Amino acid sequence: MVMYLVEVELKVLMAEWNAFYHNEDEDEEQEEGEQTSGDYKVTGRDSLVFLVDASKEMFIKGEDGELSNFDMTMQVVRSVYTTKIISSYRDLIALVFYGTEQSKNPRNSFKHVYVYHDLDEPGATRVRDLDALLGDKGEKLAAETMGSGETSLGDALWCCANLYSDIKYRLSHKRLMIFTCRDDPHGGNSTKDRQAHTKARDLKETGVMIDLMHLMKPGGFDVSLYFRDIVSPAEDESELGLQLKPCDKLDDLRKRVLAKEQKKRSLARIKLILDEGINMAVGLYATAVTARKPGAVKLYRETNEQVRSKTRTFQTQTGSLLLPSEIKKAQVYGKKKIVMERDEVDAIKKFDDPGLYLIGFKPMEKLKLHHHIRPAIFLYPEDDQVKGSACLFSALLKKCSEKNVFAVCRCTPRRNIPPRFVALVPQKEEVDDGKVQTKPPGFNVIFLPYADDIRNLDIPHCPIASPIQVNKMKEIVSKLRFKYRSDAFENPVIQQHYRNLEALALDMVAPEETDDLIMPKVEQMDIRLGPLIDEFKNMVYPFNYNPDVKPAAKRKTADDGGGSEKKPKVEVSEEELKNHMKNGTIGKLTVPLLKDACKQFGIRVAGSKKQELIDALVAHLGS
Amino acid sequence: MARSRSALVLCMDVGFSMSNSAPGDESHFDLAKKIIQKFVQRQVFAETKEELALVLFGTDSTKNPLHRDDQYQNIIVHRHLMVADFELLEEIENQIHPESQQADWLDALVVCMDLLQTETKGKKYDRLNIALLTNFSTASSSDNLDIIIGNLKKAGITLQFFLPFPLDEDEQGGEDGDSRGPGHQGAGKGLSSEQQNALSMMKHIMLSLDEEEGLDEVYSFRNALQELHMFKRIETRPMAWPCLLTIGSSLSIRIVGYKAVTEEKRKKTWMTIDAQSHQSEDVKKETVYCLDDDNETEVQKDNIIQGFRYGSDIVPFSKVDQEQMKYKHDGKCFAVLGFSKRNLVQRHLFMGNQVLKIFAAKDDEHAGIALSALIRALDELKMVAVVRYAYNRSSNPQVGAAFPFIKKNYECLMYVQLPFTEDLRQFTFPSLENNKKVTPSETQLSAVDSLIDSMMLVEEDENGETDDLFRVHHIPNPDFQRLFQCLHHRAVNPSAPLPPIEPWLKAALERPEVISERCRAPLEQIKKNFPLTEVEKKKPLKTSAQIYGKDSGESDVKKAKEDVEEGEYNLADITEGSVTSVGSVDPARDFCTLVRQKSLPFGEVCQQLTQRIEQLLSNKNTQYYMKSITCIQAFREQSVKLENAELYNSYIQSLKSSVPSRGLEVFWDLLRQDALTLISRDEVEGSTVSKYEANQFLVAEEKEEEAMAASPAGDVGDVDDLVCFHITVICSIRIF
């Protein structure tokens, strides 16, 4: 069991790699070989415990219908659950309430602690459970099932510690978040205070990071009063965490939780080499990876249990299994089969040892916007590998952004990967009003195209609009202004997929509707623009010009569900085919025609090569 | 659809004067031959359908259809028009040598023209081209020049010249600002009168063919070699993507999109062939499915359905249902969602792996004007259009940004994909500025400052023009270059080992020499001012493998490979022969086999193994120690696999207690370095040992201070487990 899981973990990591370097390993077998030789550490699973205050104070609604702290917390917790299901379902999450009237925990040894969810992978049922705790209904349910009672943070922490020890998986990252609006939970009871401190210390010693998500209360939340010694110190010396103001907005809280919740995992740790003997250690992090629908799992029809796949390579003639040494690789060029050993195929891809080799610097304006071939990655120093890296890195970062230059490096991220050139673009740290980091300090690594990656286009003739026309368009543009945020658009394809799964998992009648956020809000736009559109059209289009005409015909058919109006299909009759065969002219027919012919006679063809199609037809019609 | 065809005649001077060279330099002949080789190599590997012919002049013999009496002598049509292949490459390699005659380059040109005309007769070609490589050292008469030009024009034949010296006047300060590398001096200098004369004739021809850009098709040998893409390469024509750009419901602009930048992949993949027969048909890969039970019960394909994970749940979800329920949309689309400030779209959040250029539909003046208005409005307002983009009905829609892009001679929108919420990871990193420990001092900062100054790759000359010393987008992808080099080499010399990376390619990837020179001193300063110390792993791990010297001097590649393969071989061995008890020759292997066979109870097999271990340990010798360790490794692996920690743990514990009395400290040390700890709860549920205890366990009492050497033992255990579970089991079980 454990082994299997570790393997999966590794696969998850590999998947991340492949999202970046998917092109580099066309060769399946090799990929498997490389899976084991990555530079990153294979760790266990991440875990996250939400420890939520359920005292009466949490349920107080703000004036003019603002959310109660409890409601706000539950919404955020729910969104963490659903994100985790999509992004990293193997992570474990628990939800524990303290300050409750009722008690529910494994051995029921703690009073006023209610374990709503113990540490486990989030699933559909758990999301439903959370939905039940939202809004007014949720408040009612909470009051009925748990109620509000005495508080002992010490017991609550102790109970959480037990949750960890009951886990059979290896945990790589343990985080506990306390949500509360009470800065003095025990009302001055020093015994309880002390007990909680001791328990918090114990937890921290076993590697649990404790964060405080303090919420707004009348009179402000004084962290120094009590919680200062409970929470884990910030990673740096800035004590940023403690200067934070309490959250009073849902979005802030969500942001703050998400920022803490995501475990950084480096794609690789490599050297940034300024020159021979000047090596810094840096980690590469993927900050934006195209999320895809996860692959399907193969299940045994009878039991719905997952099956494993095994791949074997064997000799067709003798049927014996082949050893790696009995296999070679080949490519055919110019009618010639060129053969290489398997390790030669690898060796060809080797240019450098892994590393970022500094070539030089260029002014920022030399970085062309359209020189984009892959999503960027992020670079941050790793002082624990090479001491002094952070200092040199920091100096480099500071000077690069001061001088407005970027560094050009040759980048070999892993063994046996041909180099790519990258631009290291300095990024200064930025924090928002709530002191939450919005941009971390470091370099963004932008991949640069080679000559082969840039295509030559025949540039068409471009007429130029007059200033009046441009000005009218400016009005249109200004009417439709909005503030773009990179996290504003959900992927409708993935969302729909998970809605479907949710519906199936929970036996719902129909999946929940998804909002397609990347659909233009045409009506609103029309209203905003008013007469501007017609004014612009009158300026640029002649009276009878209709841009939709030609493509419109096509669009209509698309709506009708199928390109039935495409081109009239030319079908070949059986007789014609036979004639062609007789005269040996069947090769003159086009592939689509041959395909149609195959379909017509209900012939299944393995490939789609012309010869394969012809062979199949001849076999069918011949004789 | 008719494929576009083109024909090219390579016409190379192999005459006497071509083999001259300044001492230390490559001869003109060698350079020209290299160009031809490179070019043909490119053609072969790009698998272009372009037809090639090769005409040599200055040859000792004569073989061409125009040869009459003393006309057109010393010219050979070496190869007629056909697609380039390895035969041609081999011929170039082995059959083209410098010869001792001279021939008139204009005569050779006429032979080429004649060849093109007769051999393309009746077929339609899009392009006819002649590339002439010569040093112009033969006198030729200009009598027929105008007739030749007339014929070239009439036949639509284009010319390219490759000369050993650069044609200076027009090469510099080209509009595109491309520097064509060093080696430009000396045009006109040291040229003979024949050469001067020929040059002016050539210019006359080229300018008559194309008044404006005619001379752009004259290259020097060195530049041609340096920048192979200077050859006119027939590319896959970018596919036009016609669509409507829409703003709201009633404003549409007819547009057409092209991929402008995209990561070009290798066109071909490696196929797997049998090492003996070299036939791919002889190798078959087969995937079977099995249940995750002890018997690995195989399941037929028909009995497999698909499902998806929803968190901890697996939901069966058939392909049909999936298709029916999936997100559907109206297809092709380029619809504006709104406009936003350009600086809100961050460069490092560009997604996808391509950039599209969007132009107005061809020959639609009105669409052109409308799009131009949009491009210019965006440019002036410093804004971008945020759009929904869908390539077609079956592809997933994206959100992206369309940037205005205005050049001297054209303008367009540039489309880049932007992230979805799901794609982003909001990582926080410790602040660098607020951390006093890593804050650089003023001296340190100024060292970095001067380093950056010394390493600027872009320079401004007196005229205010910038010169970029390192244009990445002019470097050919080294991956392809290297692959083709190796393929070429292997094709021509099948038994020779692979060649080293070509020097020019290596040099193209390195820091320019000027910069290396300039930054030497500043780099010294950096070295002095920034101490960088590799954090030592507390004690370098000495594993049994290292003692055996397995990885001495071998490359990492090989090592990693071997590790995997070894696992496979072991499995292979295991399946061979019948094993009834744990023998002394290879006890670990026997043990694994027996455990697998399940013919004996696990406990008994373990007992047999431990007996062997005890026997081995009675010999105080590294050789035997290593063997014992292999046994213990196998013991541990199998125990974890079978989730039975008890037997192993108790054995190891008793072994530990006997260490001092039996004097096995050296052995124990080895065991510790191989991190063969107790099996902890984290690995096997039933274990009574916590991970911490497991880690502590190996630390022998007297070495307390060295506790927790290097990585926690659990990690190592898992890596081993991975090897066990390596999915591809390639072994030599004979199936008849």
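Before reading on, note that the structure itself is shown above.
Described below are features of the structure shown in this document. (Residues numbered from 1 in each chain as written. Chains lettered and ligands numbered in written order. Predicted model: local features only at pLDDT ≥ 70, side-chain atom pairs only at ≥ 80, totals over all residues. Heavy atoms only, no water.)

1. As for the overall build of chain A
Okay, step 1: For chain A, the count of helices and strands is 19 helices and 19 strands.
Okay, step 2: In chain A, which comprises 623 residues, the share counted as buried stands at 54%.
Okay, step 3: Considering only residue pairs separated by 6 or more positions, chain A has 69% of its internal contacts joining residues 24 or more positions apart. (Helix = DSSP H or I, 4+ residues; strand = E, 2+ residues; numbered from the N terminus. Buried < 20%, exposed > 50% of the residue type's maximum accessible area, 1.4 Å probe, protein only. Contact = heavy atoms within 4.5 Å.)

2. Digging into the overall build of chain B
Okay, step 1: Within chain B, the regular secondary structure consists of 23 helices and 21 strands.
Okay, step 2: A buried classification covers 51% of the 736 residues belonging to chain B.
Okay, step 3: In chain B, of all internal contacts separated by at least 6 residues, the share reaching a separation of at least 24 is 69%.
Okay, step 4: Of the accessible surface of chain B, which amounts to about 35000 Å², a share of 49% is contributed by carbon and sulfur atoms. (Areas by Shrake-Rupley, 256 points an atom, 1.4 Å probe, with all protein chains shown as cover.)

3. Quick notes on the pattern of salt bridges
Okay, step 1: Inspection of every chain in the model, using the stated rule, returns 48 salt bridges over all chains.
Okay, step 2: Between B:Arg127 and B:Glu50 there is a salt bridge, with its nearest N and O atoms 3.6 Å apart. Taken together, the positions of B:Arg127 in strand S4 (residues 127–133) and B:Glu50 in the loop between helix H1 (28–46) and strand S2 (51–57) put the pair 77 residues apart, joining distant regions of the chain.
Okay, step 3: The buried category is assigned to B:Arg127, whose relative accessible area is 17%.
Okay, step 4: Overall, B:Glu50 belongs to the buried group, its relative accessible area being 4%.
Okay, step 5: B:Glu459 is paired through a salt bridge with B:Arg518; the nearest N and O atoms lie 2.7 Å apart. With B:Glu459 in strand S19 (residues 458–460) and B:Arg518 in helix H12 (residues 513–518), the pair connects residues that are 59 residues apart, well separated along the chain.
Okay, step 6: Judged by its relative accessible area of 30%, B:Glu459 falls in the partly exposed class.
Okay, step 7: Classification of B:Arg518 as partly exposed rests on a relative accessible area of 34%.
Okay, step 8: Connected through salt bridges with shared partners, the residues A:Lys399, A:Glu402, A:Lys403, B:Asp449 and B:Asp453 form a single ionic network. (Salt bridge = Lys/Arg side-chain N within 4 Å of Asp/Glu carboxyl O.)

4. Notes on the packing of aromatic side chains
Okay, step 1: Summed over the entire model, instances satisfying the criterion amount to 41 aromatic pairs over all chains.
Okay, step 2: Ring centres 5.6 Å apart and planes at 55° place the aromatic pair A:Phe110 and A:Trp158 in the tilted group. With a gap of 48 residues between them, A:Phe110 in the loop between strand S2 (92–98) and strand S3 (113–120) and A:Trp158 in helix H6 (residues 153–165) connect regions that are remote in the sequence.
Okay, step 3: With relative accessibility at 7%, the residue A:Phe110 sits in the buried group.
Okay, step 4: The class of A:Trp158 is partly exposed, set by a relative accessible area of 36%.
Okay, step 5: Consider the rings of A:Tyr541 and A:Tyr545, whose centres lie 4.5 Å apart with planes at 40°: the pair is tilted. Across the pair, exposure class does not vary: A:Tyr541 and A:Tyr545 are buried alike.
Okay, step 6: One aromatic cluster is present, formed by A:Tyr285, A:Phe378, A:Tyr380, A:Phe393, A:Phe443, B:Phe427 and B:Phe429 through successive ring pairs. (Phe/Tyr/Trp six-rings, centres within 6.5 Å; stacked < 30°, edge-to-face > 60°.)

5. Details of helix H12 (residues 467–479) of chain A
Okay, step 1: Under the 1.5 Å per step criterion, the end-to-end length of H12(A) is 18 Å for 13 residues, consistent within 8% with the ideal 18 Å.
Okay, step 2: Taken as a whole, H12(A) has its buried residues at A:Gln469, A:Val470, A:Lys472, A:Met473, A:Lys474, A:Ile476 and A:Val477. (Expected span 1.5 Å × (residues − 1).)

6. Thoughts on the interface of chain A and chain B
Okay, step 1: At the interface, 239 residues of chain A touch 231 residues of chain B.
Okay, step 2: For the chain A and chain B pair, buried surface summed over both sides reaches about 23100 Å², with 62% attributable to carbon and sulfur atoms.
Okay, step 3: On the surface where chain A and chain B come into contact, there are 74 residue pairs in polar contact (both at pLDDT 80 or more).
Okay, step 4: Looking at the side of chain A that touches chain B, the element that brings in the most residues is helix H11 (residues 389–403) of chain A, giving 13 residues.
Okay, step 5: When grouped by side-chain class, the residues that make up the side of chain A that touches chain B number 116 nonpolar, 50 polar and 73 charged.
Okay, step 6: Taken together, the four bridges between strand S10 (residues 327–333) of chain A and strand S9 (residues 271–274) of chain B define a ladder with antiparallel strand orientation. Following the sheet pairing, A:Lys328 is matched in S9(B) by B:Ile273. (Buried area = accessible area lost by both parts, 1.4 Å probe. Polar contact = N/O pair within 3.5 Å; in protein donor to acceptor, adjacent residues only side chain to side chain. Nonpolar A, V, L, I, M, F, W, Y, C, P; charged D, E, K, R; others polar. Pairing = 2+ DSSP bridges.)

7. Considering the environment of B:Val684
Residue and element names in this part refer to chain B.
Okay, step 1: Along the chain, Val-684 falls in the loop between helix H21 (665–673) and helix H22 (691–697).
Okay, step 2: As for Val-684 and Asn-644, which are separated by 40 residues in sequence, their C-alpha atoms are 7.1 Å apart.
Okay, step 3: With near-sequence residues (within four places) excluded, Val-684 lies in contact with Ser-639, Val-640, Glu-643, Asn-644, Ala-645 and Ile-679.

8. Let's talk about the sheet that holds S10(A)
Okay, step 1: The three strands are arranged S11(A)-S10(A)-S9(B) in an open sheet whose pairing can be described as antiparallel. Both edges of this open sheet fall to strand S11 (336–340) of chain A together with S9 of chain B, since each of them pairs with a single strand only. For this sheet, the mean angle separating the axes of adjacent strands, direction not counted, is 45°.
Okay, step 2: Sheet strands touched by helix H10 (residues 478–492) of chain B: S10 and S11 of chain A. Its angle to S11(A), the strand with the most contacts, is close to 105°. (Axes fitted to C-alpha atoms, helices over the stretch in contact; angles between N-to-C directions.)

9. Let's talk about the packing of helix H18 (residues 622–641) of chain B against helix H19 (residues 646–657) of chain B
Residues and elements named next belong to chain B.
Okay, step 1: Interaxial distance between H18 and H19 falls to 9 Å at its minimum, and their mutual angle equals 150°. In terms of orientation, H18 lies roughly antiparallel with respect to H19. Packed against H18, whose contacting residues are Ile-632, Phe-635, Arg-636 and Ser-639, the element H19 presents Leu-647, Tyr-648, Tyr-651, Ile-652 and Leu-655 at the interface.
Okay, step 2: Of the residues in the contact of H18 with H19, the class split is seven nonpolar, one polar and one charged. (Parallel < 35°, antiparallel > 145°, perpendicular 65-115°, else oblique.)

10. Digging into the sheet that holds strand S6 (residues 266–275) of chain A
Residues and elements named next belong to chain A.
Okay, step 1: Judged by pairing direction, the barrel is mixed, and its seven strands sit side by side in the order S6-S7-S13-S19-S16-S15-S12 before closing back on the first. Between one strand and the next, the sheet's axes are offset by a mean angle of 40°, whatever the strand orientation.
Okay, step 2: In this structure, strand S7 (residues 278–285) lies alongside strand S13 (residues 377–381), joined through four bridges in antiparallel fashion. Among the inter-strand pairings, Gly-283 is bridged to a residue of S13, identified as Tyr-380.
Okay, step 3: Packed onto the sheet, H11 meets S6, S7, strand S12 (355–363), S13, strand S15 (405–412), strand S16 (420–427) and strand S19 (442–447) and runs at close to 80° relative to S7.

11. Re helix H13 (residues 520–529) of chain B
Three- or four-residue spacings in an α-helix give side chains the same orientation, since the helix completes a turn every 3.6 residues.
Residue and element names in this part refer to chain B.
Okay, step 1: Along H13, the residues classified as buried are Pro-522, Leu-523 and Ile-526. What you see down the axis of H13 is that its buried residues fit within an arc of 100°, all on one side. Away from its buried face, by an angle of more than 90 degrees, H13 presents the exposed residues Ala-521 and Lys-528. (Arc of directions from axis to C-beta.)

Remember, this is a structural readout, not a statement about activity or role.
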